[in-house]
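# Architecture at a glance
Each chain is listed here by its residues.
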Amino acid sequence: MTAPSAAPRAAPSAAPNTANTAAHIGVFDSGIGGLSVLRAVQQQLPGVRLTYIADSQHTPWGERGTAWVAARCQQLAGWLIDQGASLVLVACNTGTTQAITTLRARWPATPFVGVEPGIKPAVAASRNQRVAVLASAGTLRSARLQLLVHAHAGRAKVLQLPCPGLAEAIEAGGADTGALQQQLDSVAAVLRAADVDTVVLGCTHYPLVADALRQRLGQAVVLVDTADAVARRVASLLGKAPGAAAARPGGLRLFSTADPAALQAAARRWLGSAAAAQALVLHGP
Ligand code: DGL
């Protein structure tokens, strides 16, 4: 596994904040997808302090090699810890399946929470024992995903469907672009042909288009998103009851390695947040 080639460098606007007196959650994803997990955390822990990085310069991580993803996750996690994060949430299935073990080994004193495709709840929810997992190629080829399928599929048939281009299309234009509509049409056609009744949203970008997918598949098909369970895990590691408001207002800081205006627009749309986004420069790996 290669280490990042250069030390993380923050843009001047992102001055280190080492006043780690309250719970401060650092969150990252390959792009805007992790906002779907951050939204669940905000709902369960209103007012908690959050710093989010969208590595939109490098979306999609799912088409990159494991060593690159692991090194990039170390850079982003390291920067968040330097900023005072007391817990790091890897709001990305690709990052979690390929890097969380490395992150935990490197920072043993920091709790890391990851996001994994919800195979177990999907198999439990399925009535016809036909389940699909939509995820990046990187997630699907990971040993962790194959272990989850092996452990929980039982008698169910689990269709593993990589969706090349879908995360980028979501990144590029929410639910509104023709390219995205076409992508969703073809994914829905495959799912209908496979007669699945339960679909795991195994990439954090996909819950952002859950409504558009549901329209195509019909209400009888169950979509499984693990964001709420992940947020409950975060709350329990912080020793807070879900729903507990922070003692002090926390606030949300947003950083993008590409266009901060795009992240800001996505946060407004998906979180109803008025937070400004800043540019973040982290060279390599
Ligand atoms: N949100 C990432 C995930 O959950 C997107 C994947 C990608 O960048 O390819 O896997």
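This report concerns the structure included in the present document. What you see is a predicted model, and the numbers here were worked out from it, not measured in a lab. (Residues numbered from 1 in each chain as written. Predicted model: local features only at pLDDT ≥ 70, side-chain atom pairs only at ≥ 80, totals over all residues. Heavy atoms only, no water.)

Another aspect to go through is the overall build of the chain. On a plain count of helices and strands, the chain comes out with 11 helices and 10 strands. Over its C-alpha trace the chain gives a radius of gyration of 18 Å, about what one expects of a compact globule, namely 19 Å for 285 residues. Its C-alpha atoms give the chain principal-axis dimensions of about 55 × 40 × 40 Å. Expressed as a percentage of its 285 residues, the buried residues of the chain come to 55%. Of the contacts made within the chain by residues no fewer than 6 positions apart, 77% connect residues no fewer than 24 positions apart. Surface accessibility of the chain: about 11700 Å² in total, with carbon and sulfur atoms responsible for 54%. Where the 24 positive side-chain charges of the chain centre and where its 15 negative ones centre are 7 Å apart. (Helix = DSSP H or I, 4+ residues; strand = E, 2+ residues; numbered from the N terminus. Rg over C-alpha atoms; globule rule 2.2 N^0.38 Å. Buried < 20%, exposed > 50% of the residue type's maximum accessible area, 1.4 Å probe, protein only. Contact = heavy atoms within 4.5 Å. Areas by Shrake-Rupley, 256 points an atom, 1.4 Å probe, with all protein chains shown as cover. Lys, Arg positive; Asp, Glu negative; His and termini not counted. Charge placed at Lys NZ, Arg CZ, Asp CG, Glu CD.)

Turning our eyes to something else, we now look at unusual backbone geometry. For the bond running from Thr-59 to Pro-60, omega is 0°, close enough to zero to count as cis. Its location among the elements puts Pro-60 in the loop between β2 (49-54) and α2 (66-82). A positive phi angle is found at Gln-129, which is not glycine, with a value near 60°. Along the polypeptide, Gln-129 turns up in the loop between α4 (119-125) and β5 (130-135). We note that Asp-195 has phi near 60°; this positive angle belongs to a residue other than glycine. Structurally, the position occupied by Asp-195 is in the loop between α8 (178-193) and β7 (198-201). Here Asp-195 falls in the partly exposed class, since its relative accessible area comes to 46%.

With that out of the way, let us pick up the nonpolar core. Of all hydrophobic cores here, the largest spans 58 residues; its most connected members are Ile-25, Leu-35, Leu-89, Leu-134, Leu-191 and Val-199. In this structure Leu-89 touches Ile-25, Gly-26, Val-27, Phe-28, Val-37, Val-41, Val-113, Val-230 and Val-234, once residues within four positions along its chain are discounted. The next biggest cluster of nonpolar side chains, apart from the first, holds 24 residues, and it includes Val-69, Ile-81, Ala-99 and Ile-100. (Core = buried A, V, L, I, M, F, W, Y, C linked by side-chain atoms within 4.5 Å.)

All right, on to the sheet that holds β5 then. The parallel open sheet is built from 4 strands, whose spatial order is β6-β5-β7-β8. Each edge of the open sheet carries a strand with a single partner, namely β6 (157-162) and β8 (222-224). Strand-to-strand twist across the sheet, computed as the mean angle between neighbouring axes with direction ignored, equals 20°. In the sheet, β5 pairs with β7 via 4 bridges, with the strands oriented parallel. Paired with Val-131 across the bridge in β7 is Thr-198. Sheet strands in contact with helix α9 (residues 210-217) are β5, β7 and β8, and its direction is about 155° off that of β8. (Pairing = 2+ DSSP bridges. Axes fitted to C-alpha atoms, helices over the stretch in contact; angles between N-to-C directions.)

Tallied over the full model, the rule gives 3 aromatic pairs. A centroid spacing of 6.2 Å and a plane angle of 55° characterise the contact between Phe-28 and Trp-61, whose relative ring orientation is tilted. Remark: Trp-61 occurs in the loop between β2 and α2 and Phe-28 occurs in strand β1 (residues 24-29); sequence separation between them is 33 residues. Trp-61 matches Phe-28 in its accessibility class, with the two residues each being buried. When the centroid spacing of 6.2 Å and the interplanar angle of 40° are considered together, the rings of Trp-107 and Phe-112 count as tilted. Taken individually, Trp-107 and Phe-112 each receive the classification buried, so the pair is uniform in this respect. Directly above the ring of Trp-68 sits Arg-64, whose terminal nitrogen or CZ lies 4.2 Å from the centroid. (Phe/Tyr/Trp six-rings, centres within 6.5 Å; stacked < 30°, edge-to-face > 60°. Lys NZ or Arg CZ within 6 Å of the ring centre and 35° of its normal.)

What follows is about the site of the ligand. Taken together, 13 residues lie near the ligand, and Ser-30, Gly-62, Asn-93, Thr-94 and Thr-204 sit nearest. Of the residues that constitute the shell around the ligand, the class distribution is 4 nonpolar, 8 polar and 1 charged. (Near = heavy atom within 4 Å. Nonpolar A, V, L, I, M, F, W, Y, C, P; charged D, E, K, R; others polar.)

Moving on, we get to the sheet that holds β1. With respect to topology, 6 strands assemble into an open sheet ordered β4-β3-β1-β2-β9-β10, the strand pairing being parallel. Each end of this open sheet is capped by a strand with a single partner; those strands are β4 (112-114) and β10 (277-279). With strand direction ignored, the average angle separating the axes of adjacent strands in the sheet is 20°. The sheet strands contacting α2 are β1, β2, β3 (87-90), β4 and β9 (252-256), and the helix crosses β1 at an angle near 155°. Helix α11 (residues 260-271) contacts β2, β9 and β10 of the sheet and is inclined by roughly 140° relative to β9.

Everything listed here is a matter of coordinates, which is why it stays silent on function.
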